[in-house]
Amino acid sequence: MSQKRLKLLWLQSITCNGNTHSFLNHPDLFSILSHFELIYHPVLETSYDIQALLSGRLDCDVLILEGSFRQEGFKKGGIEVFELVKNYAEKAKHIISAGTCSTFGGIFKQYDPDSISGFCFNGEERTESYEKYASKTISLPGCPIHPKWLSYVLMMLSHGKKIPLDELHRPQELYGITVHTGCVRNEYFEWKVDTKGFGLKEGCSFYENGCQGPYTRGSCNKILWNDTSSKTVVGTPCFGCTEPSFPKTALYTTKTNMGIPATMPLGVPRRAYLTATGIAKSFKIKRFEERIITYDS
Amino acid sequence: MIVKKLIEKIEGEAELDFTFDKGKVEDVRISFGFYRGIEEILAGKDPYDALVITPRVCGICNHAHLIAAVRALENGYESAGAKISLTDKAKNIREFTLACELIQNHMKWFYMTILPQLEKLLDDRSGENHALKASYFSSTITKALAIFAGQWPHSGYAVPGGVTCDPTYIDVMQAENLIDESIRFFEQMVAGIPMHKYLNIDSVSELHKINGDLARVLRLLGASRMAETGKSHDRFIVFGDCILFKAGKSMATTVSNVDIQYVEEMLQAGTTAKAVTYKNRFFEVGPLARAMVAKEPIVKSLHKRYKDSLITRVFARVHEVAILLEYSKKLLQNLVLNEPSCTLQNHLKAVDFEGVGVAEAARGSLIHKTTVKEGLIAKYEIIVPTQWNLGNSSNTEQGVAAKAMIGSSDPEEAGFIFRAFDICSVCTTQ
Amino acid sequence: MKIAEKKARKRESIILTALQLFSTKGFHKTTIPDIADKLHMSVGNLYNYFSSKDMLAKEIIKFTSEVLGNEIKTVNMMDISSEEKIRKIVEIYFGMASEKPEMIEYFLRVYLSHREVFADGCEGMTCVSGFITEIMIFFDDGVSKEELRDQDFFSAFGLFMGYLGGMVFLKGEEILPRELDEYVDDISRNIYYALKA
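Quick caveat: nothing in here was measured; it's all calculated off a predicted structure. Position labels on residues start from 1 in each chain and follow its written sequence. Chains and ligands are labelled sequentially in the order written, the chains with letters from A and the ligands with numbers from 1. It should be noted that, the model being predicted, local features are given only for residues of pLDDT at least 70 and side-chain atom pairs only at 80 or more, the latter also being counted only at that level, while totals for whole chains, interfaces and linings use all residues. Hydrogens are left out, water is left out, and the side-chain values use all remaining heavy atoms of the structure.

1. Comments concerning unusual backbone geometry
Glycine aside, a negative phi is what most residues show, and trans is what most peptide bonds show. Cis geometry marks the peptide bond from A:Phe246 to A:Pro247, where omega comes out at -5°. Each helix is a run of H or I in the DSSP string that is no shorter than four residues. Each strand is a run of E no shorter than two, and both are numbered from the N terminus. Counting through the fold element by element, A:Pro247 comes out in the loop between helix H10 (186-190) and strand E12 (256-257). With phi around 70°, B:His154 is a residue other than glycine that occupies positive phi space. Secondary-structure assignment places B:His154 in the loop between helix H5 (130-149) and strand E4 (158-159). Note on classification: 1.4 Å probe, protein chains only; a residue is buried when its accessible area is under 20% of the maximum for its type, exposed when over 50%, partly exposed between these limits. Residue B:His154 is classed as buried on the basis of its relative accessible area, which comes to 0%. Here B:Glu374, not a glycine, exhibits a phi torsion of approximately 50°, which is positive. Mapping B:Glu374 onto the fold places it in the loop between strand E12 (364-373) and strand E13 (376-383). Under the relative-accessibility criterion, B:Glu374 is labelled exposed at 70%.

If you want it as structure tokens, here you go:
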């Protein structure tokens with residue numbers, strides 16, 4: 001603790017507070033925060049109040065941004081939030097765009113796509129802020145953010161370590177794999193066995209139920225949600241909430257072309273996928289047609 | 001004299017404009033920030049997409065939005081002639097996960113709003129990190145929720161016909177352990193006495209048996225004479241009919257039926273939030289309303305002495321935690337795992353319909369209405385609980401929270417009375 | 001290296017010879033000695049390449065499927081409309097039926113008629129995946145370009161391949177009054193109209 005603690009400031013723009021609440025679920029929340037001086041946070045007690053925050057005069061080393069942005073028209077206490085964001089972004093050594101809204105624009109962007117966007121990105125496009133701030137920005141998309149993804153980044157920053165990022169400034173350790181990685185339904189995917197409707201632990205949701213796991217970047221099935229589960233584990237399709245394109249439409253249905261999924265697993269050529277599929281589908285494997293557990297009634 | 005106060009560290013922020021006259025609050029206007037347009041975002045989407053989009057109204061009561069959305073869909077498909085019957089298993093799991101969210105919310109409010117704000121207001125600081133307790137408790141209970149729903153916040157596991165999960169006994173036992181852990185926390189930290197003793201308390205004269213942080217809050221409220229502030233219309237309403245909560249309205253000492261068709265939304269000047277009335281009158285929603293309609297003995301007893309004052313309102317919300325914990329444990333014990341989780345095998349293809357779904361969210365009744373034309377959402381309407389409680393005064397009567405604050409001599413105190421309603425600005429301004 | 005190459009060439013010539021015999025004489029009537037005889041090789045040596053007649057049968061279907069698949073692949077790679085692709089696929093199929101009738105004959109008369117031979121090791125589409133994959137890509141591409149109507153894979157596949165197979169069968173039975181290539185125009189148009197968006 002000889003090193004001076006970094007000053008952490010959490011700033012909300014157009015948001016649902018989901019990232020704030022997701023992070024509050026972190027079982028080691030206060031150990032993580034103990035590495036920082038908490039300057040401002042939307043719900044936790046902090047040394048400064050909102051008036052001080054709005055004055056723009058607070059110090060800030062690490063700026064966490066939550067929510068999507070519009071250049072003007074979104075105010076707090078009479079202050080344009082985007083101006084405030086730029087003010088603190090200027091001071092910050094590191095900026096974390098926490099969640100899909102602040103990274104790419106997310107759901108709230110759809111209300112007014114021309115004026116609402118993420119901080120450095122508008123979907124996949126770069127925004128005006130990109131040039132100025134991208135070099136110190138780390139993207140942590142997810143709707144909401146995963147508490148442990150954020151804690152990983154915070155700990156790395158507090159230890160002065162460099163985080164390898166991809167072209168959209170996402171940490172490779174978190175987004176280098178897909179949501180499909182580690183899914184408990186992987187065997188069913190390998191053998192192309194669809195889950196029959198909803199509510200079954202057997203079967204894969206990629207073919208009918210809209211699961212975007214195989215082409216969505218994120219470690220939801222490596223670092224589980226609430227330390228216990230994930231959407232795909234409980235039979236809910238992955239909605240692709242970490243992606244710049246989130247949200248697409250008809251999220252519980254797989255878009256298919258003559259029965260063939262319209263979107264391929266990430267980086268897999270259609271010909272390669274279809275060759276493997278045709279073969280895997282040819283085998284009726286008894287174990288995958290059966291229930292895993294039978295309970296006596 | 002107008003005094004402006006920006007209320008922070010709620011869900012988002014709210015601005016209160018107090019009109020003071022002779023040193024007391026004469027009226028107060030409540031305004032919220034930015035309208036996010038969730039209803040407009042939904043227009044033109046697949047009806048099922050409401051299950052993903054509407055939870056993003058709110059980071060703290062997202063699950064209630066999911067439940068209201070799925071009920072609206074089911075109601076709509078049924079009105080179009082489909083037959084949907086949920087298994088007890090699916091019903092119980094939905095009830096369980098919703099109960100977990102309410103519990104999570106109430107404990108965060110208790111430890112992150114009520115305790116610290118009350119200590120600050122009365123300058124009686126314990127020096128404790130209350131948020132640590134809130135975080136421990138909420139991460140425990142939301143873990144139980146996530147066992148079934150996959151994650152919290154923002155699950156999408158409730159679908160027409162049931163739920164997507166297919167739990168095993170490993171899941172159920174784990175969830176039960178987490179509920180037990182939450183009960184233990186409530187016993188040791190909140191009530192300071194065993195759960196069964198706590199639940200036996202049914203009158204004000206027995207409240208002294210309570211220890212722990214709840215006792216401290218009651219003591220602080222009592223000693224500061226704040227207990228009896230915050231009275232409002234003393235009218236309560238509940239729409240979400242489920243196993244635990246009953247729909248109805250409570251006025252004076254009478255509980256009677258309600259019909260959702262009398263609910264009306266109206267625009268308000270100067271804020272993006274809409275107010276809501278029932279037969280043109282304001283009603284309070286939330287834990288106090290639910291306890292009044294369900295005639296919960298200890299809350300009724302408090303109400304008899306203190307009416308709908310601050311202490312009754314605060315107590316009702318904490319008390320609901322105990323009731324919900326007991327209830328969720330029973331739900332788990334009653335789960336029959338070999339029943340189907342979901343009774344619909346395929347997406348329903350009804351093209352035109354209207355559906356209404358109601359759920360009891362942490363802050364009160366939440367109503368979703370979906371209108372589907374040619375297979376796509378044509379119109380989506382969301383009425384959130386805080387719209388009931390935080391509507392501004394109309395020509396004929398004062399708003400619920402506004403009335404509770406009127407008469408206070410101090411904006412700080414009025415701000416606390418306001419927070420006792422468990423304010424959520426993000427919900428209010430979807 | 002040289003030996004391996006030699007062996008591969010031998011293997012292919014066995015496949016082609018067997019293919020011819022199976023589709024002309026019939027699968028059951030053709031014996032391993034018949035094939036060896038035609039190739040001027042010993043029965044024992046032939047068994048070094050294929051351990052049984054059934055094994056040989058399966059290798060042949062994989063081989064023909066690859067040949068046909070590769071032809072369709074070149075069509076799939078072309079930057080032309082689905083309508084034009086349909087015509088090219090029909091031409092390829094009929095061209096093959098005229099120039100290498102044994103391949104199509106084998107598919108129709110051996111593969112489809114003796115499923116018991118292919119039950120083990122050629123389940124479902126395993127041995128014809130080279131061909132099926134390309135057809136899938138053709139359909140998938142057509143639908144995503146909104147040139148073809150989205151429908152169940154097998155309703156489209158049955159219509160396309162059943163039609164072509166039926167025509168070749170009629171030709172083989174010498175029922176068809178005209179040459180196959182004279183039907184290309186009409187048949188391509190019929191298939192396109194049935195599949196288009």
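There's more to say after this.
2. Quick notes on the state of the cysteines
Note on disulfides: each one is a pair of cysteine sulfur atoms within 2.5 Å. Going through the model one piece at a time under the given rule, you end up with 1 disulfide over all chains. Paired by a disulfide, C:Cys122 and C:Cys127 hold their sulfur atoms 1.9 Å apart. The sign of the -90° torsion about the S-S bond sets the C:Cys122-C:Cys127 disulfide as left-handed. For the pair C:Cys122 and C:Cys127, a shared accessibility class is recorded, and that class is buried. Not part of a disulfide, A:Cys120 finds its nearest cysteine sulfur in A:Cys60, a span of 14 Å. A:Cys241 provides the cysteine sulfur closest to A:Cys220, a residue in no disulfide bond, and the two sulfurs are 6.1 Å apart. For A:Cys220, a relative accessible area of 11% translates into the label buried.

3. Side note on the interface of chain B and chain A
Every contact between the two is made by 68 residues of chain B and, on the other side, 68 residues of chain A. The quantity reported as buried area is the accessible area (1.4 Å probe) lost by two parts once they are put together, taken as the sum for both. Where chain B abuts chain A, roughly 5400 Å² becomes buried across the two surfaces, and 58% of that area is made up of carbon and sulfur atoms. Three residues, B:Lys9, B:Phe34 and B:Arg56, lead the burial of chain B against chain A; their summed loss comes to 13% of the area buried on that side. Whenever a carboxyl oxygen of Asp or Glu lies within 4 Å of a side-chain nitrogen of Lys or Arg, that contact is scored as a salt bridge. Inspection of the chain B/chain A interface yields 3 salt bridges. Polar contact is the term for a pair of N or O atoms within 3.5 Å; when the atoms are in protein, one must be able to donate a hydrogen and the other to accept it, and sequence-neighboring residues count only if both atoms are side-chain atoms. Connecting chain B to chain A are 27 residue pairs in polar contact (both at pLDDT 80 or more). For the side of chain B that touches chain A, the secondary-structure elements that each account for two or more residues are strand E1 (2-10), strand E2 (12-21), helix H1 (38-42), helix H2 (50-53), helix H4 (88-122), H5 and helix H6 (169-191) of chain B. Take the side of chain B that touches chain A: its biggest share by element is 11 residues, from H5(B). Working rule for contacts: check all heavy atoms of both residues, and any pair within 4.5 Å makes them a contact.

4. Description of the layout of surface pockets
Every definition here rests on a 1 Å grid over the protein atoms only: cavities are sets of points where a 1.4 Å probe fits but cannot get out, pockets are open sets enclosed by protein on both sides within 12 Å along at least five of seven lines, and lining residues have some atom within 4 Å of a point. Grid points are joined across faces, edges and corners, and a volume is the space filled by probe spheres set on the points. Of the pockets and cavities examined, the largest pocket occupies roughly 960 Å³. What lines the largest pocket is a set of 37 residues, among which A:Asp194, A:Tyr207, A:Glu208, A:Gly259 and A:Lys281 lie closest to the centre. When contributions to the lining of the largest pocket are tallied by element, the ones reaching two or more residues are strand E13 (260-261) and helix H11 (270-281) of chain A together with helix H9 (153-172) of chain C. Classification convention: Asp, Glu, Lys, Arg as charged; Ala, Val, Leu, Ile, Met, Phe, Trp, Tyr, Cys, Pro as nonpolar; all other residues, Gly among them, as polar. Class assignment of the residues belonging to the lining of the largest pocket gives a composition of 15 nonpolar, 12 polar and 10 charged.

5. Concerning the packing of helix H3 (residues 62-79) of chain B against H4(B)
All names here are of chain B. Orientation is described by axes fitted as lines to C-alpha atoms, over the contacting stretch for helices, and by angles from 0 to 180 degrees between their N-to-C directions. Put simply, H3 and H4 touch, their axes get as near as 8 Å, and they point 150° apart. Handedness of the crossing formed by H3 with H4: left-handed. Note on element contacts: H4 touches H3 through Arg94, Glu95, Thr97, Leu98 and Glu101, opposite Asn62, His63, Ala64, Ile67, Val70, Arg71 and Glu74. Grouping the amino acids of the contact of H3 with H4 by side-chain chemistry returns 4 nonpolar, 3 polar and 5 charged. Rotating anticlockwise by less than a right angle from the far helix to the near helix defines a left-handed crossing, while the corresponding clockwise rotation defines a right-handed one.

6. Brief notes about the sheet that holds strand E6 (residues 235-238) of chain B
Residue and element names in this part refer to chain B. Sheet architecture is open: 3 strands sit in the order E6-E7-E8, paired in antiparallel fashion. Of all the strands in the sheet, just E6 and strand E8 (254-256) have a single pairing partner and so form its edges. Within the sheet, the average angular offset between the axes of one strand and its neighbour, ignoring direction, is 15°. For two strands to pair, DSSP has to find at least two bridges joining them. As paired elements, E6 and strand E7 (residues 248-251) share 4 bridges and run antiparallel to each other.

7. As for the environment of A:Tyr273
Residues and elements named next belong to chain A. Turning to its location among the elements, tyrosine 273 is positioned in helix H11. For the pair tyrosine 273 and proline 171, spaced 102 residues apart in sequence, the C-alpha separation works out to 28 Å. Those residues within four positions of tyrosine 273 in sequence are excluded, and the remaining contacts are Phe189, Lys192, Phe206, Tyr207, Pro261, Met264, Pro265 and Val268.

8. Quick notes on the interface of chain A and chain C
When the parts come together, some accessible area is lost, and that loss is often what is quoted as the size of the interface. Across the contact, 13 residues belong to chain A and 22 residues belong to chain C. Together chain A and chain C conceal approximately 1600 Å² of surface at their shared face, both sides included; 63% is due to carbon and sulfur atoms. The three residues of chain A that bury the most area against chain C are A:Asn257, A:Met258 and A:Arg271, which together make up 48% of that side's buried surface. Linking chain A with chain C are 2 salt bridges. The shortest N-O distance in the salt bridge between C:Glu134 and A:Arg271 comes to 2.4 Å. Here chain A is connected to chain C by 7 residue pairs in polar contact (both at pLDDT 80 or more). Broken down by secondary-structure element, the contributors of at least two residues to the side of chain A that touches chain C are E12 and H11 of chain A. It is H11(A) that provides the largest number of residues to the side of chain A that touches chain C, a total of 6 residues.

9. Topic: helix H1 (residues 2-25) of chain C
All names here are of chain C. Multiplying one less than the number of residues by 1.5 Å gives the expected span of a helix. Counted at 1.5 Å a residue, the expected span for H1 with its 24 residues is 34 Å, and the 34 Å between its end C-alpha atoms agrees. Those residues of H1 lying buried are Ile14, Ile15, Thr17, Ala18, Leu19, Leu21, Phe22 and Ser23. In this structure, the buried residues of H1 make contact with helix H2 (32-38), helix H3 (43-49), helix H4 (53-76) and helix H6 (101-111). Looking one or two residues past H1, glycine 26 carries a phi angle of roughly 105°, positive in sign.

10. Quick notes on empty space enclosed by the protein
In total, this model carries 8 cavities of 30 Å³ or more according to the counting rule given. As for the largest cavity, its lining consists of 16 residues, and the residues nearest its centre are B:Lys9, B:Glu11, B:Lys108, B:Trp109 and B:Thr113. Looking at the lining of the largest cavity, the elements that each hand over two or more residues are helix H1 (18-24) of chain A together with E1 and H4 of chain B. No other element matches H4(B), which puts 5 residues into the lining of the largest cavity. Here the residues of the lining of the largest cavity are counted per class, giving 7 nonpolar, 3 polar and 6 charged.

11. With respect to the sheet that holds strand E3 (residues 24-32) of chain B
Residues and elements named next belong to chain B. Across the sheet, which stays open at both edges, the 3 strands sit in the order E1-E2-E3 with antiparallel pairing between neighbours. Each edge of the open sheet carries a strand with a single partner, namely E1 and E3. Neighbour to neighbour, the strand axes of the sheet diverge by 25° on average, direction disregarded. Of the strands in this sheet, E1, E2 and E3 touch helix H14 (residues 411-419), which is tilted by about 45° from E1.

12. Quick word on the packing of aromatic side chains
Pairing of aromatic side chains here covers Phe, Tyr and the six-membered ring of Trp, requires ring centres within 6.5 Å, and sorts the geometry by plane angle: under 30 degrees stacked, over 60 edge-to-face, intermediate tilted. Throughout the structure, instances matching the rule amount to 46 aromatic pairs over all chains. When the centroid spacing of 6.5 Å and the interplanar angle of 65° are considered together, the rings of A:Phe206 and A:Tyr215 count as edge-to-face. Judged by relative accessible area, which is 2%, A:Phe206 ranks as buried. On the basis of an interplanar angle of 75° and a centroid distance of 4.9 Å, the ring pair of C:Tyr111 and C:Phe118 is categorised as edge-to-face. Pair check on accessibility: C:Tyr111 and C:Phe118 agree, each one buried. Members of the aromatic cluster, joined through ring pairs, are A:Phe198, A:Phe239, A:Tyr252, B:Tyr48, B:Tyr77 and B:Phe353. Its end group placed over the ring of A:Phe189, A:Lys192 keeps NZ or CZ at 3.8 Å from the ring centre. Here the guanidinium or amino end of C:Lys53 rests over the ring plane of C:Phe27, the centre of that ring lying 4.6 Å away. Placement of a positive charge over a ring is assigned whenever Lys NZ or Arg CZ falls within 6 Å of the ring centre and within 35 degrees of the normal to the ring plane.

13. Some words on the pairing of E2(B)
Residues and elements named next belong to chain B. Here E2 lies mainly inside the structure; 7 of its 10 residues are buried. Sheet topology places E1 next to E2; 7 bridges connect them, and they run antiparallel. Counted as the bridge partner of lysine 4 is aspartate 17 from E2. Counting the residues between successive antiparallel strands, the hairpin from E1 to E2 contains 1 residue.

14. Section: the pattern of salt bridges
With the rule as written, the count across this model stands at 47 salt bridges over all chains. Close ionic contact of A:Asp61 with A:Lys93 constitutes a salt bridge, the shortest N to O distance being 2.9 Å. Highlighted residues: A:Asp61 in the loop between helix H3 (50-55) and strand E3 (62-66) and A:Lys93 in the loop between helix H4 (81-91) and strand E7 (94-98), separated in sequence by 32 residues. A salt bridge links B:Lys133 to B:Glu128, with the nearest nitrogen and oxygen atoms 2.8 Å apart. Judged by its relative accessible area of 13%, B:Lys133 falls in the buried class.

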